[in-house]
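The lines below spell out each chain.
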Amino acid sequence: MLKHSSLTLALTASMALGAAAVQAADLVIAGRDGIYGKALEESVARYQAAHPDMDIELLKLPYGSLYEKLVISMRENAGAYDLVMIDDTWATEFMSNGWLANLEEQSGITGDFITAALDISRYPVGQGPAYSLPVVGNVAMFTYNKSLFKEFGLTRPDNWEAVKTAAKTISAKNNGTTGVVFRGQKGNPIVTGFLPLFWAHGGVIVDDGGKAHVNSDQGVQALESFLELKQYAPRGVEVYNSTEVRDAIQQRKAAMAIEVWPSWVPSMDDPDQSKVVREMEVIAAPGQVKGSSPMLGIWQMGVATDAKHDKAAREFLEFLTSAENQKQLAIDLGLPPTRRSVYTDADVVAKYRWYPNQLDALEHGKPRPRIERWNEVESILGDYLQLAMIGELDARTALDQANRKIDRALKR
Amino acid sequence: MLFRSRLQLISLMLPATLLLAVLTLYPISQILINAFSYVDYAGAERQFVGLDNFAELIDDWFFIGAVENTLVFSVMASFVQVGLGLLLAVLFDREFPVKRFALPIVIYPMMLSTLVCSAIWRAWYHYDFGFLNNALVSLGLSPVEWLFDPSLALFSVMLVDVWQWTPMSFLIILAGLQSVPADIKDAALTDGASGWRRFRYITLPLVMPQILLALLLRSIDTFKLFDKVYALTGGGPGNSTSTLSLFIYKQGFKFFNLGLASAGALMMLLIACLLSAVYAWRYVGAKS
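Residues numbered from 1 in each chain as written. Chains lettered and ligands numbered in written order. Predicted model: local features only at pLDDT ≥ 70, side-chain atom pairs only at ≥ 80, totals over all residues. Heavy atoms only, no water.

A.B. asks: How should I be thinking about the sheet that holds strand β4 (residues 133-136) of chain A in this particular structure?
C.D. replies: By way of backbone hydrogen bonds, the strands of a sheet pair with one another, either parallel or antiparallel. Residue and element names in this part refer to chain A. Judged by pairing direction, the sheet is mixed, and its 5 strands sit side by side in the order β2-β1-β3-β9-β4 without closing on themselves. Of all strands in the sheet, those with a lone pairing partner are β2 (56-61) and β4, marking the two edges. Along the sheet, successive strands turn relative to each other by an average axial angle of 30°, direction set aside. Summarising the sheet, β4 and strand β9 (residues 299-303) pair through 3 bridges and their orientation is antiparallel. Among the inter-strand pairings, P134 is bridged to a residue of β9, identified as Q300. (Pairing = 2+ DSSP bridges. Helix = DSSP H or I, 4+ residues; strand = E, 2+ residues; numbered from the N terminus. Axes fitted to C-alpha atoms, helices over the stretch in contact; angles between N-to-C directions.)

A.B. asks: Which parts of the structure should I look at to understand the confidence of the model for chain A?
C.D. replies: If pLDDT is low for a region, its predicted coordinates should not be looked at in detail. Looking at chain A as a whole, its pLDDT mean stands at 90, while 94% of the residues score no less than 70. The model gives residues 1-23 of chain A a pLDDT under 50, and that stretch makes 1 contact with residues more than four places away or in other chains. (pLDDT = per-residue confidence, 0-100. Contact = heavy atoms within 4.5 Å.)

A.B. asks: Sorry, what's going on with a nonpolar patch on the surface here?
C.D. replies: The grouping of I10, L14 and L18 of chain B at the surface amounts to a nonpolar patch, some 270 Å² of accessible area in total. By secondary structure assignment, the location of L14 of chain B is in helix α1 (residues 6-35). (Patch = residues over 30% accessible without salt bridge, like charges linked within 9 Å, V, L, I, M, F, W, Y side chains within 5 Å. Areas by Shrake-Rupley, 256 points an atom, 1.4 Å probe, with all protein chains shown as cover. Salt bridge = Lys/Arg side-chain N within 4 Å of Asp/Glu carboxyl O.)

A.B. asks: Even after reading the chapter, I still don't get the interface of chain B and chain A, so can you show me in this structure?
C.D. replies: How big an interface is tends to be reported as the loss of accessible area on association of its parts. Between chain B and chain A, the residue contacts involve 34 residues of the former and 35 residues of the latter. Of all residues in chain B, Y41, F62 and F148 of chain B give up the largest surface area on contact with chain A, accounting jointly for 18% of the area buried on that side. The interface formed by chain B and chain A includes 6 salt bridges. When the shortest N-O distance is used, the salt bridge between D383 of chain A and K250 of chain B registers 3.9 Å. Where chain B touches chain A, the interface holds 12 residue pairs in polar contact (both at pLDDT 80 or more). For the side of chain B that touches chain A, the secondary structure elements donating two or more residues are α3 (61-92) and α11 (244-254) of chain B. (Buried area = accessible area lost by both parts, 1.4 Å probe. Polar contact = N/O pair within 3.5 Å; in protein donor to acceptor, adjacent residues only side chain to side chain.)

A.B. asks: Explain the side chain of N133 of chain B to me, please; I cannot follow it from the model alone.
C.D. replies: All names here are of chain B. Secondary-structure assignment places N133 in helix α6 (residues 131-138). Classification of N133 as buried rests on a relative accessible area of 1%. Of note is the side chain of N133, whose polar atom sits 3.1 Å from the backbone oxygen of Y127. A polar side-chain atom of N133 sits 2.9 Å from a polar atom in the side chain of W146. (Buried < 20%, exposed > 50% of the residue type's maximum accessible area, 1.4 Å probe, protein only.)

Structure (structure tokens):
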């Protein structure tokens, strides 16, 4: 009996101590896993070297899980996290609900952040105070195989008509290389693949009055172009996600990719993984009736309004986004910076030849609509884009139906 | 007598009963309330909307598609798994030379995590580089669009589930077969019954409770299908592999539409209860 009681007491004590250890951290950070998690881990280690007494708790979470945990914690005012990492599409929801602290309350934002990236940290966008800082300068780029283009007498595609022509020419040779590849999986992947075309054709997802507008003539034209490109894509592109797109490019199964992200690019130049070393040119997405409209995919970090360690969170954020730390993260991990000076740094450019183009894409980058229900809108659009992609609906019907459903979601 | 008084029995059971009641009743009551409300989770607002959530779901082509896919998947996958499990169990009920080595191999897929299974099969299903299409091409056949042909994708997901979970039905039925008294089989043999007749009229009725139990357990599990679809197709192409669980997950945790998600969950519970009742009724009948 005594033995059992002692065991119970020991278990209870260890659980309580465990909980106390979590509570006792001087700073709790909720971030992403993968390369972003590594970057945070490296930054925490560097910061702790300068602040040896500081206990920092870092949580590295997958995309969906991070969103769920943050929303639940902030909605319940649980104060579980001090510093939080958010996708830029969540920013409107987090900022409008007052879940993030105003970072300019005490002092202005200093430094040379890329304007387009910093604008979406502000609420209202581009005008109000900053509630977060951009920490990962992700932007969707376009890539084409310059060796193949030279072989076929093609020039750099500056618009989507040129992309179609090049894709058709390359596919017609039937030498095992298709013209183009993109992410066709329903939901976020297909929408991300489609948006650069949609915007370049003049499409608008939500108009200034907050009403859905995806089924405009421009939108339909963009979707028709997208569907035309499918003819020159590998079979099964409807379920392609990032792994398949990377494989297709690296194994020379496709000559162009509508969408590549900065973190994918280094592997294209890695001879152990790629058959196209230094053959791929990475540029900003082509334009059409509008100029180039690369899609921004900025990861931001903000201080939670209910943070228990507000000061520590602000100080760490300043360190994390400093030019020195960003340069180190870029060199060590290839994490895309958000400061102009890092993109033009000689050491960084020597390692990443496409960085000047990436800076250009970031400067002209376009954020996804600043609406609270973007997750749902993206999912609806993704569902209907894929129905069009697999031939169950034509472009006009797909976008008409998507528009109706998006409108209903926006009215909720 | 184990307990000295009724009071002692109640006082010992009360904490666990209360805890269970709170943990079960609270979420269920919330789902019931939310199903008839519009819930703005972020703004902490709730507004009674009657049957609007149910009407919206019934009007939603994607929800109806998800219900159809779930029912087709659940019924077909369960019957195939139990059928194959029965065949394997009959085989393993006999003695054969490599039985000791074959048994672990047969039950191995069940021990893998579903995400690992899905990753393996996603690689095998790859149109250009996958093992299955390479095998077909090497045999002079055409490659198959396993995951991106809308009419085939659900069956491709089903194949993965059959591969992973047939061993469970097999083990349940094998346990039943091994509990059939040998003297009944011997008596039938002495009476001159052929192998098929012995199986049809003696073995099969005796293992029917185990077959129905396997069907019930597999139906419950396949009805909740989520992880394989999430990892293999994301519900696509189109809506061809979307399931109720995936639909509810998206509404609840991606969009925080708690009203719609709760209404969907309630409808799912209702369908699951109906399905389970049919099996349970048959199971009790078979046992008696």
